[in-house]
Amino acid sequence: MERVYQNNDLSYTQNRELSWLQFDLRVLEEAENEEVPLLERLRFASIFTTNLDEFLMVRVGTLIDLSIVEPDERDNKSGLTPAEQLARIYEAVPPMLRRREKAYAHIMKQLNKQGITEVDISELKGKEEAFVQEYFDKNIRPLLSPQIIDRSHPFPHLKNKALYAAALLRAGEKKILGIVGVPDALPALVYLPTEKGIRFLRTEKIVLENLNRIFKIYTAEEQAIICVTRNADISLEHDEMGEEAPDYREQMSKLLRARDRLAPVWLEVEGNTHKLGKLLAEKLGLKKYQVYYAKCPAVLSWAYQLAEDRKDLLYPAFHSQKPTYLTEDMPMKQQIRQRDILLFYPYHSMQPFLNLLKEAAWDKSVVSINITLYRLARNSQVVKYLVEAAENGKNVTVLVELRARFDEKNNIEWAKVLEEAGCRIVYGQEGFKCHSKICLITYQERNTISYITQIGTGNYNEKTAGLYTDFCLMSANEELGQNAAAFFSNMLIGNLEESYSRLLIAPYDMKKGLLRLIDNEIAKGKNGRIIIKTNSITERDLIDKLSEASCAGVQIDLIVRGICCILPGIPEKTENIRVTSIVGRFLEHSRIYCFGKGEARQIYISSADIMTRNQQRRVEIAAPILSKEHKDWFSFYLDLILMDNVKARELTSLGTYVKKGKNGRDKIGVQQYYIDHPIQFAKSEIQKNGFLWRLERLLARV
């Protein structure tokens, strides 16, 4: 019998949150994978920890709120209430953490054989013991603020994801709680002086082992390192932003300060100190199932600083390449006017796009630059060139999204810098995050207006461009430029209800456009073909339309890195759907929508996932690939991903993932393939013909 909730067939869908946890497990598998270099495995354990922290802060925090406000609301993919989802989550997380502990212990054991040793204080003797004690007295103790908990000393606020040393203290018959925070100013690791190898201690362990000296009039009966995870799902209510409300930027700053004080959802206690854990849970208002007694660190971010010089324990060095089909002797403007330029990060460097911005900042024919910014690097070259453009008298409009989760503070600071330089700053639309990645440069030459439009799948962030797979399309196509100009004009007047001839824009017509493209394939029946690469699939209407396409015989491949709420292989529902996921050295971040086969195929790159939030609550862009050369390459690339048998996993109809079989084929790893075979496109016509190139350069100088 089919499970149905509010007319939604639940037989071929699964819960979003449980699917997210399955993605975290695929990351953890990389920490367990013996073929991955040892220090990289430790970093994957750190990524797993960070991902799980974000899940607890955002998704669990939201579900707890929903369980109070809307307790009877049911998920439209699983039919579960918020409370039922929470029960499943709290049941699923501890086994995952036990796998992390096992992986961590094995990695540290292997690192010890390589001369990289995490030392326990009980193992210290002689000079090392004296060194650590002196380090504590000189560098750590002056920064500590210990506190006991009694009538005169109320329970302190424990910051989100901060580390604390806690103890159950006794003085005679009196038993009290003692807590001391590990200061953020301290390094995460303390290295012991040694002539061979690396020996280190975690700073929080040094604090822990000195609790008897810190609380010297008491005896510690139980002690542990603790870490609280809090709800971090802040939101800006519409009624807070009326005409009399404070500046939007100021209001976001206020919300950020509030985030650290939201309700706790999880407590991790390093050690089997159950009396202490129970007492802390009572103080924090947590249930027994919200407390986990761990055997490894709650924070592993230090993994990226450990033994960075041990190249033999890391992936072979890789540096993004400058595309060979571009030349540094010709301005980017001229090269883009010859043909569309496609960059594939991280295999390609972001530098050609940065060069375009830099040239535009000083090009006298440039009238304006419009750009959307969601996440930026700490030392952003993008901001530098936008500032230069504004200072050179260009009309620079920057749509800064202040609600980019966990980057809010960074974006607030960059917005100030840009505004002070003379850029016009806008903050998007009320109720809709602007997640699109688009830059429009407008030129006026000989009384003629022309455009260069850049559209990407990833952020304008130089750091992540070296770590995430993403695409950057730069085009001088007139229609595309006119669409981009209309988009920015509409954003400035708050108009989201507009259709465009080339671009698909959410929230107004992207979902309608995708449904229409799927319908086109349904009409072809068994000759239909759909390949979609995305980060997540949760949007119910699109899921149902894909099921309809499968029932019509359309062959569908979904390449989904993270959450996937559609279950493949369900007879008469999704039997023609296959789901592949790749977790590897680089984060698979790009979104590609491919409909049809051969010359008639339509391919889009986009900032949007197939998620309700992207299709209905965000401003997103999907841009068509117009060049036949680029279309052919995308078809090859998507086929290569589907052939991957090194990092690829297949989703089963039960909601679990299995490794793809080799089926007698050689090893094929798509990420390693592009490291070994840098992407190439044909050189431009002007580059092929020396005379035309020289003529173009002469005209440019004139």
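In case you missed it, the structure is sitting above this.
Residues numbered from 1 in each chain as written. Predicted model: local features only at pLDDT ≥ 70, side-chain atom pairs only at ≥ 80, totals over all residues. Heavy atoms only, no water.

## Brief notes about the pairing of strand 19 (residues 468-475)
Regular strands place their side chains on alternate faces of the sheet. For strand 19, a buried count of seven out of eight residues is recorded, marking the element as mostly surrounded by other parts of the structure. Where strand 12 (residues 341-345) and strand 19 come together, five bridges link them in antiparallel fashion. Within strand 19, the residue paired with I341 across the bridge is M474. In the sheet, strand 18 (residues 448-456) pairs with strand 19 via four bridges, with the strands oriented antiparallel. Directly across from I455, in strand 19, lies its bridge partner L473. (Buried < 20%, exposed > 50% of the residue type's maximum accessible area, 1.4 Å probe, protein only. Helix = DSSP H or I, 4+ residues; strand = E, 2+ residues; numbered from the N terminus. Pairing = 2+ DSSP bridges.)

## A short note on the packing of aromatic side chains
Within this structure, the stated rule accounts for 29 aromatic pairs. Judged by centre distance (6.2 Å) and plane angle (70°), the ring pair of F318 and Y347 falls under edge-to-face. Residue F318 is located in the loop between strand 11 (291-294) and helix 9 (332-338), and its partner Y347 is located in the loop between strand 12 and helix 10 (351-362); the two are separated by 29 residues in the primary sequence. The aromatic ring of Y657 is capped on one face by R26, whose charged end is 3.8 Å from the ring centroid. Against the face of Y443 rests R337, its NZ or CZ located 5.1 Å from the ring centre. (Phe/Tyr/Trp six-rings, centres within 6.5 Å; stacked < 30°, edge-to-face > 60°. Lys NZ or Arg CZ within 6 Å of the ring centre and 35° of its normal.)

## Here's the deal with unusual backbone geometry
Look at the link from Y345 to P346: it is a cis peptide, with omega at 0°. Position of P346 relative to the elements: it lies in the loop between strand 12 and helix 10. Residue P507 follows A506 across a cis peptide bond; omega there is 10°. Following the sequence through the fold, P507 ends up in the loop between strand 20 (504-506) and helix 14 (510-524). A positive phi angle, close to 50°, is found at R446, a residue other than glycine. Tracing the backbone through its elements, the reader meets R446 in the loop between strand 17 (438-445) and strand 18. Overall, the relative accessible area of 79% leaves R446 in the exposed class.

## Quick notes on the pattern of salt bridges
Tallying each qualifying case throughout the model produces 39 salt bridges. Here R202 ties to E118 by a salt bridge, and the two come within 2.8 Å at their closest N and O atoms. Taken together, the residues R202 in strand 8 (residues 198-202) and E118 in strand 3 (residues 116-118) connect sequence positions 84 residues apart. Here E629 makes a salt bridge to R339, at a shortest N to O gap of 3.1 Å. Pair noted here: E629 is in helix 17 (residues 628-643) and R339 is in the loop between helix 9 and strand 12, with a separation of 290 residues, a long-range link. Take E629: its relative accessible area is 28%, and that puts it in the partly exposed class. (Salt bridge = Lys/Arg side-chain N within 4 Å of Asp/Glu carboxyl O.)

## Describing the sheet that holds strand 7 (residues 189-191)
One open sheet accounts for three strands, arranged 3-8-7; its pairing is mixed. Either end of the sheet is taken by a strand with one partner, and the two such strands are strand 3 and strand 7. Mean inter-strand twist for the sheet, computed between neighbouring axes without regard to direction, equals 30°. Pairing analysis gives three bridges linking strand 3 to strand 8, with the strands arranged parallel. The partner of I116 across the bridge, within strand 8, is I198. In the packing of helix 3 (residues 82-113) onto the sheet, contacts are made with strand 3 and strand 8, and the angle to strand 3 comes to roughly 130°. (Axes fitted to C-alpha atoms, helices over the stretch in contact; angles between N-to-C directions. Contact = heavy atoms within 4.5 Å.)

## Let's talk about the packing of helix 11 (residues 381-391) against helix 12 (residues 408-420)
Taken N-terminus to C-terminus, the directions of helix 11 and helix 12 make an angle of 20°; their axes are 9 Å apart at the nearest point. The pairing of helix 11 with helix 12 is recorded here as roughly parallel in orientation. The interaxial crossing formed by helix 11 with helix 12 has right-handed handedness. In this structure, helix 11 contributes V383, L386 and V387 to the contact, and helix 12 contributes W414, V417 and L418. Grouping the amino acids of the contact of helix 11 with helix 12 by side-chain chemistry returns six nonpolar, no polar and no charged. (Parallel < 35°, antiparallel > 145°, perpendicular 65-115°, else oblique. Left-handed = near helix turned anticlockwise from the far one by under 90°. Nonpolar A, V, L, I, M, F, W, Y, C, P; charged D, E, K, R; others polar.)

## Notes on the packing of helix 1 (residues 16-32) against helix 3
Across the interface, helix 1 lies against helix 3 with an axial gap of 10 Å and an inter-helix angle of 5°. Of the possible angle classes, the one that applies to helix 1 and helix 3 is roughly parallel. Residues E17, L18, L21, D24, L25, L28, E29, A31 and E32 of helix 1 touch helix 3, and the partners they reach there are Q85, R88, I89, A92, V93, M96, R99, R100, A103 and I107. Taken together, the residues that form the contact of helix 1 with helix 3 break down as 11 nonpolar, one polar and seven charged.

## Here we look at helix 13 (residues 478-493)
Under the 1.5 Å per step criterion, the end-to-end length of helix 13 is 23 Å for 16 residues, consistent within 8% with the ideal 22 Å. All of the buried residues in helix 13 are L480, G481, N483, A484, F487, F488, N490 and M491. The backbone nitrogen of E479 has a side-chain oxygen 3.1 Å away, supplied by the residue at the start of helix 13, namely N477. (Expected span 1.5 Å × (residues − 1). Polar contact = N/O pair within 3.5 Å; in protein donor to acceptor, adjacent residues only side chain to side chain.)

## Side note on the side chain of K631
Within the fold, K631 resides in helix 17. Look at K631: it is buried, it has no salt bridge, and the nearest opposite charge is E599 at 7.1 Å. Other than its neighbours up to four places away in sequence, K631 contacts R601, I603, I625 and L626. (Lys, Arg positive; Asp, Glu negative; His and termini not counted.)

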